[in-house]
Each structure stands twice: as structure tokens, then as C-alpha cells.
Amino acid sequence: MNKQGEPRPMAPKPKRIPGSLLGRIMGRLRSFYCPNPIFDLLSEGFKHLLEKLGLLPRDMDDHGDQEQAVRLVGAAAARGGEFGRGVDTQVEDENDDWAAGWDDGDWDVEDFDPSYEHPEGIILVVTGETGAGKSRALQKIFRSYHNVLGDMIVSVTAPSPCTLMQLGRTLLPELGYPIQRDKKEHLIWEDVRRRLDEGGKRVLHIDEMQHLPQSANRDQQIRILNTIKSLVQRRENPLLLILSGTPDLADFLRTDGQVRRRCRFVEFERLQIPSDILPISCTLEDLVRLTPLRVQESVADDVAPRLIHAANNATGIAIELIWDAIDDALRAGDVELKRSHFERAYRDRISCPQSRNPFVVDNWIETDPTQILDRGRIEELTGRGTTGNGSRKGSRK
């Protein structure tokens, strides 16, 4: 009863979600990738390289993920943010067939360079700090082209630590070839190249590629660079080689001019405060829309800067924390996503005391953002002098 003798309003009862339904909700949630400028750049670049290597017709329609992207920019578009511009609309040009009637005349054989029909392979280098979201972005792109490329894509992760021989042994089983441990390194890579050709593999992705040169001496690094070149040098069926890893990988590849000229570089940059608060807030709202939950705009705006800091400025980790908070809310039977769900999700992830939890304390900016990472990775970052809030500065106009 309140002071006027009226019954107090009842708090909403928790809505328990059956385990099977919870699994379907979270599985669907994790299958979506929120668009952002770097993802759009990577996706367009991947499509362009496939066209250049003759793996896609140049007039091919969009590969089918446009609907998912549109559904995930609702919050940004409604709030007028730049993040809402992530989806382009295709516009047909009435002059697309401008060259249809052009007569190129008679050509002699010596006037034509046959190398155009058999171009060299290309290296796509995708870099970013741990948790930036690069691996998830690439897998999302690969899935979207599965109906087109089928089994032409092979994706592996380099072990840690890693040598050329270990990487070759990791690749061969994925190419349907049994491991022969008594073979020498150069013979293993001959097998890799032959199996790529025989199996019709045209896209090879190696994740965590920075592991390969990390512990190599100079002679070993030269062999690594030569092996990379041998994969993309002129061949009947040119290969798109995708190497992903931390920024150290790009630095290493740039040490060889012949490798560098074959590379196209895409970097997943770190999130920044305040310029990325709005995109992350909108991402949070859009992901919640895929669930039975609600979230107040004020809550999203309050959580977003804490989330960027808690994720050590990494987009991928920020998305994972949103997933974990949503999972916590659904399991508790709550109907609204609140900051307390992020508090528990963060605490469960790293087992930190309340005084170090950026979703609890008022001076959250003073908490250590690198505590979200593994200890070994923290030491690696510290060794490179990376700061928790990132070294790049920028603000949205």
C-alpha cells in the first residue's frame, strides 16, 4: 500500500524462456553481423578481387545478405547517425551497355598480352588488434558467398607457436591430403600447392598469420616470404590468398617489395570515444530488436562508452559483451536490458571485483581495459606500447 492506501503497482513478472528457445534466439543473434564502414569496405573489396580473378561475373547481382544488413541499421537511421549509412542502394545506369556496339577492330596475336587472361594471384591482408572482429567478419563474408564459391574456399588458423612446416601440416588435411611427418618442409609446400590446384581451391584464408614470423629468425622469415610469393605467382588458376592477424603481420609483409606489391591491406581500427559512442549505442539497440527484450535509448547511450572501454576499444569484444548481457537478461526472465546485465556479463567473463568493473563504478574510465584480454596477450600489447584507449584520435563532425 502507498500513503494514499492504494495498492502499489506490481513489478512485471519475469518471463522465463525455455532452454530450446533461448538457444535459437542466441544462435540467430550471433549469426548477424552489424554493418560498419570497415566491414562494408572489406566486403566490397572481396567481391572486387573475386571479379578480378574471374571467380564472379562482373554483372552479378548482390550475393544475398542485403536484407540482413538493412534490418540492422534501424536504430542508427532513426536517430540520424552516420552509422545508418552503411547500406548502399544499387542504382541501374541506363548507359550500362555503352560499350555493347563498340568494334575493337582486327587484332594480331602479338598485339595481345595473354597474361591478362591468367593474372597473378592477389594477397588480401586483414589486420586488427585482438577482438577487433576481423575473423568473424571474414567468416560472415565467406558464408555469404558459399552458394557461389562452394568448396573453392579453404580457411585455417595458424597454430601458436608456428613454423612453415607446422602450417603446411595444418593445411594438408584441410585439402584432403594425409600428413606425412617424415617429409621435408619444401616437399610439404609442394604438396600444398599441388592440392590447391587439383582440388580447385581458389580462395585460401590463413587466420592468426602473425604467429608464423613471430619467432622466426631472418633466414626463416625470408623462406616464409618466398613461400607466400609462391602461392600467388602466375598460375593457370590464380589464388586469392587472405592473411589475417594483428598489425604486426602487415609490418612484416611490407618488408618484401615483391610481396607488398601483391597485397591489398584492410585494417580494423580500434573504437574511439567519443566518435564511436553513437554507432555502438545503435548496434546495441539493433541487436536487442532481434530478441524479445526491450532497451531504453538512455540505457544504450549510458552503456555504450563503458562498453567501448570495457572491450579495450575492440569491436568484436564489444559485440560479444552485448551478446553475453542479452543472454544474462533472457536467462533471468527479464523484459528489459539494463546496465546491471552488462555488469554481470563482464564480471562472469573475467571474475573481477566490483571496484574494477567499468559497468559498476562511476569513474569507469580509470579501470584497466586490458583486463578483458588474456594475460599473454596483455604482455604482447604492452610490449608494443599500445594504450588501453588507443593511440589514434578522432571525432565525428
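It should be emphasised that the depicted structure is a prediction, and the values quoted were computed from it without experimental measurement.

J.: Hey, could you go over the overall build of the protein for me, with residue numbers and the actual values?
T.: Broken down by element type, the protein carries 17 helices and 5 strands. Within the protein, buried positions represent 46% of all 397 residues. Partitioning the intrachain contacts of the protein with sequence separation of at least 6 by distance along the chain shows that 74% fall at a separation of at least 24.

J.: I'd love a proper account of the sheet that holds strand S5 (residues 263-268), names of residues and values included.
T.: Spatial strand order, S2-S3-S4-S1-S5: 5 strands in an open sheet with parallel pairing. Of all strands in the sheet, those bounded by a partner on one side alone are strand S2 (153-157) and S5. Neighbouring strand axes in the sheet, compared pairwise and without regard to direction, differ in orientation by 15° on average. As paired strands, strand S3 (residues 203-207) and strand S4 (residues 240-245) are joined by 4 bridges and run parallel to one another.

J.: For the nonpolar core, give the residues involved together with the corresponding values.
T.: Of all hydrophobic cores here, the largest spans 38 residues; its most connected members are Leu284, Leu307, Ile326, Leu337 and Phe342. Secondary-structure elements contributing two or more residues to this core are helix H1 (19-31), helix H13 (277-288), helix H14 (297-310), helix H15 (315-332) and helix H16 (339-350). If you tally residues by element for this core, the top one is H15, at 10 residues. With residues near it in sequence (within four places) discarded, Phe342 still touches Leu284, Val303, Leu307, Leu321, Ile322, Ala325, Leu337 and Phe359.

J.: Kindly report on the side chain of Thr370, identifying the contributing residues and their values.
T.: Assignment of secondary structure puts Thr370 in the loop between H16 and helix H17 (375-384). Its relative accessible area of 16% is what places Thr370 among the buried residues. One polar contact links Thr370 to Asp368, side chain to side chain, over a distance of 2.7 Å.

J.: Run through the packing of aromatic side chains, naming residues and quoting values.
T.: Here a ring pair, both rings aromatic, is described through the centre-centre distance and the interplanar angle of the planes. Tallied over the entire structure, the rule returns 4 aromatic pairs. Ring geometry for Phe46 versus Tyr145: centroids 5.2 Å apart, planes at 65°, classification edge-to-face. Taken together, the residues span a long stretch of sequence, with Phe46 in helix H2 (residues 37-52) and Tyr145 in the loop between helix H5 (134-144) and helix H6 (146-149) at a distance of 99 residues. Overall, the relative accessible area of 0% leaves Phe46 in the buried class. Tyr145 gets classed as buried once you look at its relative accessible area, which sits at 0%. Directly above the ring of Phe265 sits Arg254, whose terminal nitrogen or CZ lies 4.0 Å from the centroid.

J.: Got a sec to walk through the pattern of salt bridges? Specific residues and values, please.
T.: All told, the structure shown has 18 salt bridges when counted by the stated rule. Residue Arg223 pairs with Glu185 through a salt bridge whose shortest N-O separation is 3.0 Å. Linking Arg223 in helix H10 (residues 218-232) with Glu185 in helix H8 (residues 185-198), this pair joins segments that are 38 residues apart in sequence. A salt bridge links Arg339 to Asp302, with the nearest nitrogen and oxygen atoms 3.2 Å apart. Taken together, the residues Arg339 in helix H16 and Asp302 in helix H14 connect sequence positions 37 residues apart. Accessibility expressed as a relative area gives 32% for Asp302, which makes it partly exposed.

Reading the values: rules and limits
By convention here, each chain's residues receive numbers from 1 onward along its written sequence. Note on the predicted model: pLDDT of at least 70 is required for a residue's local features to be given, and 80 or more for side-chain atom pairs to be given and counted; whole-chain, interface and lining totals, by contrast, use all residues. To obtain the side-chain values, all non-hydrogen atoms of the structure were used and water was disregarded. Each helix is a run of H or I in the DSSP string that is no shorter than four residues. Each strand is a run of E no shorter than two, and both are numbered from the N terminus. Classification of residues uses two cut-offs on accessible area relative to the type maximum, computed with a 1.4 Å probe and protein chains only: under 20% is buried, over 50% is exposed, and between them is partly exposed. Whether two residues are in contact is decided by their heavy atoms: any pair within 4.5 Å suffices. A strand pair is defined by DSSP finding two or more bridges across the two strands. Every axis corresponds to a line fitted to the C-alpha atoms, with the helix fit spanning only the stretch in contact, and the corresponding angles, defined between N-to-C directions, vary from 0 to 180 degrees. Definition of nonpolar core: a set of buried residues of the types Ala, Val, Leu, Ile, Met, Phe, Trp, Tyr and Cys, connected through side-chain atoms within 4.5 Å. In the analysis that follows, any N or O atom pair within 3.5 Å is treated as a polar contact, provided that within protein one partner can donate a hydrogen and the other can accept it, and provided that, for residues neighboring in sequence, both atoms belong to side chains. Side-chain rings of Phe, Tyr and Trp (the six-membered ring for Trp) are treated as a pair once their centres are within 6.5 Å; stacked means planes under 30 degrees apart, edge-to-face means over 60, and tilted covers the remaining angles. Geometrically, a lysine NZ or arginine CZ counts as sitting over a ring once it is within 6 Å of the ring centre and also within 35 degrees of the ring normal. We count a salt bridge whenever a side-chain nitrogen from Lys or Arg sits within 4 Å of a carboxyl oxygen from Asp or Glu.

All we've got here are geometric facts, nothing functional implied.
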